[in-house]
Amino acid sequence: MTPAVTGSSAQGTSAATTSDDTRQRHSYGASVSPGGKALAYILDDGTGYPRAVQRSLSRAGAGPLRMVDLPCTGPVRTLIHSADGHWLACEVAPGGGEHHQVWVVTTDPHDTAAHRVAAADDYATVELIGWDVNRVQLTATEADGTAHALIADPLSQYVIDLDARVGGHLVDSWKDAALLRVGPRGYRDMLLLRRDNRRSAQSDPHATTITPLLPNDTGATTDRGVILDQGYQHSSLLFPGLGLPKLHKDLDSVQALVRSDFDAKFPRLLGIESAREGIRFAVIAERPDCGLDEFALSYDQSTLAILWNNKGRSELQVMTLPDRTLHPPIELPGAVVSELSISTTGSLIAMTVQGPDLPPEVGLVNWREAHWTPLDHPDAANNHSATDHRGTNQPDHVEFFARDGMPLSGWLYHPDESASRAARARRAGQDGGSGAQPALIYFHGGPEAQARPDYSFLFPALLEAGITVLAANVRGSGGSGRLFAHADDRYGRYAGINDAADCAAFLIREGYADPSRIACAGRSYGGYLTLACLTFHAETFAAGVAICGMSDLQSFYENTEPWIAVAAYTKYGHPDADRELLRDLSPIHRISELRAPLLVIHGRHDTNVPVSESEQVVESARAHGQKADLILFPDEGHEIVKRDNQRVLTEALRDWVLDAFATPGSPGTDSR
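Note that residues are indexed from 1 along each chain, following the sequence as it is written. With the structure being a predicted model, the display of local features is reserved for residues of pLDDT at least 70 and the display and counting of side-chain atom pairs for 80 or more, all residues being used for whole-chain, interface and lining totals. Each side-chain value is worked out from all heavy atoms of the structure, with water and hydrogens disregarded.

Asks: Residues and numbers for the overall build of the protein, please.
Replies: Secondary structure assignment for the protein yields 11 helices and 37 strands. Per-residue burial over the protein gives 59% buried out of 672 residues. Long-range pairs, those at least 24 residues apart, make up 59% of the contacts in the protein between residues at least 6 apart in sequence. A total accessible area of about 26,400 Å² is found for the protein, and carbon and sulfur atoms account for 50% of it. Under the scheme used here, helices are H or I runs from DSSP no shorter than 4 residues and strands are E runs no shorter than 2 residues, and both carry numbers assigned from the N terminus. The cut-offs for exposure are 20% and 50% of the maximum accessible area for each residue type, with area from a 1.4 Å probe on protein chains only; residues under the lower value are buried, those over the upper are exposed, and the others partly exposed. We call two residues contacting when some pair of their heavy atoms lies within 4.5 Å. For the area figures, the Shrake-Rupley method with a 1.4 Å probe applies, and any residue is considered shielded solely by the protein chains shown.

Asks: Help me get a handle on the pairing of strand β24 (residues 313-320), residues and values and all.
Replies: With six of its eight residues buried, β24 lies for the most part within the structure. Only strands joined by at least two bridges in the DSSP assignment are considered to pair. By the bridge criterion, eight bridges tie strand β23 (residues 303-310) to β24 in an arrangement that is antiparallel. Note on β24: the bridge partner recorded for Leu304 is Met319. Between β23 and the antiparallel strand that follows it, β24, lie two residues; Lys311 among them carries a positive phi value of about 55°. In terms of strand pairing, β24 meets strand β25 (residues 325-326) through two bridges, oriented antiparallel. In the sheet register, Met319 faces β25, and the bridge partner there is Leu326. Taking the residues between adjacent antiparallel strands as the criterion, β24 and β25 are bridged by four residues, where Arg324 takes a positive phi near 60°.

Asks: Explain the confidence of the model for the protein to me, using residue names and the numbers behind them.
Replies: Across the protein, pLDDT averages 88, with 85% of residues at or above 70. Confidence scores here are pLDDT values: one per residue, from the predictor, ranging 0 to 100. Note that residues 242-247 has pLDDT below 50 and, in this model, seven contacts with residues that lie over four places away or in other chains. Note that residues 377-390 has pLDDT below 50 and, in this model, 26 contacts with residues that lie over four places away or in other chains.

Asks: Please provide a residue-by-residue account of unusual backbone geometry, values included.
Replies: The step from Leu321 to Pro322 runs through a cis peptide bond, and the omega angle for that step is 10°. Secondary-structure assignment places Pro322 in the loop between β24 and β25. A cis amide bond links Gly446 to the next residue, Pro447, at an omega of 15°. Summarising the element assignment, Pro447 is placed in the loop between β32 (439-443) and α3 (459-464). At Gln157, a residue that is not glycine, the phi angle is positive and equals roughly 65°. Tracing the backbone shows Gln157 in the loop between β12 (146-152) and β13 (159-166).

Asks: Report on the sheet that holds β24, specifying residues and quantitative values.
Replies: In any sheet, the strands associate via hydrogen bonds between backbone groups, in a parallel or an antiparallel arrangement. Read across the open sheet, the four strands follow the order β22-β23-β24-β25; overall the sheet is antiparallel. Only two strands of the sheet have a single partner each, and these edge strands are β22 (291-297) and β25.

Asks: Tell me about the nonpolar core, residues and numbers included.
Replies: By size, the foremost hydrophobic cluster in this structure holds 56 residues, and its most contacted members are Ile441 and Phe443. The biggest single contributor to this core is helix α6 (residues 525-536), with seven residues. In this view, Ile441 contacts Leu470, Ala472, Ala500, Cys503, Ala504, Leu507, Ile518, Ala519, Cys520, Ala521 and Phe541; residues no more than four positions away in its chain are not counted. Within the second largest apolar cluster, 33 residues are counted, among which are Ala451, Ala471, Ile640 and Trp656. Note on terminology: a nonpolar core comprises buried Ala, Val, Leu, Ile, Met, Phe, Trp, Tyr and Cys residues joined through side-chain atoms within 4.5 Å.

See below:
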């Protein structure tokens, strides 16, 4: 009943295709050492799980690759250097699953020892946050969802438990202070924890004080932050001379930078000081037309690297302190930038850059010289121009309206002319054909994620087959302000499902798609939305491919990880208080409406959206006499990360929708 695909099988892929693909390196998640003399990042060379690598840096360029050997099989998710550059911490997902581990190695090429931190059996998963000098910052979550904010010494294994609560998440710590994110998705606040080291937290409940950083603003999210030096080493360059008149400077104050959409449409950068006189904050950087994606502050507090999200495209700027001069945007080779890392003095910034024709690539920017240096491009030694990487097959950003007037958007990918001619010829041979193209609407996960002009391993094969692709941003997506992000919460999900059908109506109205040949696909929440499209709007879609998606919101809550369930209440509804809503929104309870062939794909180790969500919907569809198949990858989790598996997934999705498009009487034909 269930085909299983191994990572080495690459069914249906020629040796030539495999060879060409594996030679292309993907790199991302860089950490530049504080002194700027070394770099670590995640490398996907197409031969297995993505791995951690280290390289030295000098004026002559980057040194040879050194693989980081870890006694744990699975993709590396995150890596970060310690403050002195001696240690490198790596977060790994064994088997691609959700129960992560953190390992620490040294940057000494002759030292191959690896130390696991927070390895207690009490913790179901451990997330790497950063470093407090030479101690690792972690969020370790128990099976029941209780999250511990930890600081661990990698050698002695001594662990300090700063806080324990359901829904807690350590953001940063320094000396006796810590930032803690609390609350579910879309409603996240930031707390300041202060420890009195003269008293024991175990014996004295007042040893730790907790202070909210910002006033209450329902629906706001404050999620990233960094603590400044608090006067321990030098006065802050961010708040020079800040304090009430005629009062001595409070050297015990805590100063921090946070990303927050408190009292704003878009996230912005706020500076906050908590001192004897109370809490005050100031806007450090904001833009009226777009939001703050990321920021990175140099250790000497002289330089801020700032990433803006402007309708999906990234803009990188540098702010110098203490004068807060915001320098012009820096031109980069790809449309989407992420994962900033900055050296101690701020002269060197590492980042991941990608675009529709540019796989994820780590590069370095000397921002004062506006000089971009790629690391893993095949001819990196001779390619330092930001424009050299730009491809020609760029999508169009499209904007349109839902049936209720809500503004929607997406990225529209057009097949090249030769692929379009071939598709029209195939269709002409089937039924006489017309000029309209077949199309696929792809839904991202989250739902708070965002379709952006980044790299997709799926889209090129679809475009080569002559299929137009719309990567859609329906309500609930990020990047369009907090009201839009909350527009699909709970009962708003009905309108979000209607948005998906309105995307199809847009393609038809503008002449981009043949009404009888529109498919839908997506991963995670996008997989759920695909299933919802096929059951709520069965007449609209000719085929669907759901990847790691929920089919029953009630069974999802019952079987997912507890910490994932708790965070999702505000988005989907509470499993008890909103059980009628969850049932009505669950595609499996509307499976009798299914008309289009359904392909479901899942990773066996996925405990975020359990595999049972895919198994049960396929079984139910077949019981109702509908065509449905399931592909399981035994070595993947919630994300399909192995290159061989990605090829199998791509070919299966492409062939599934092409077969459906070629079948007479596809859904939608009779209704238009």
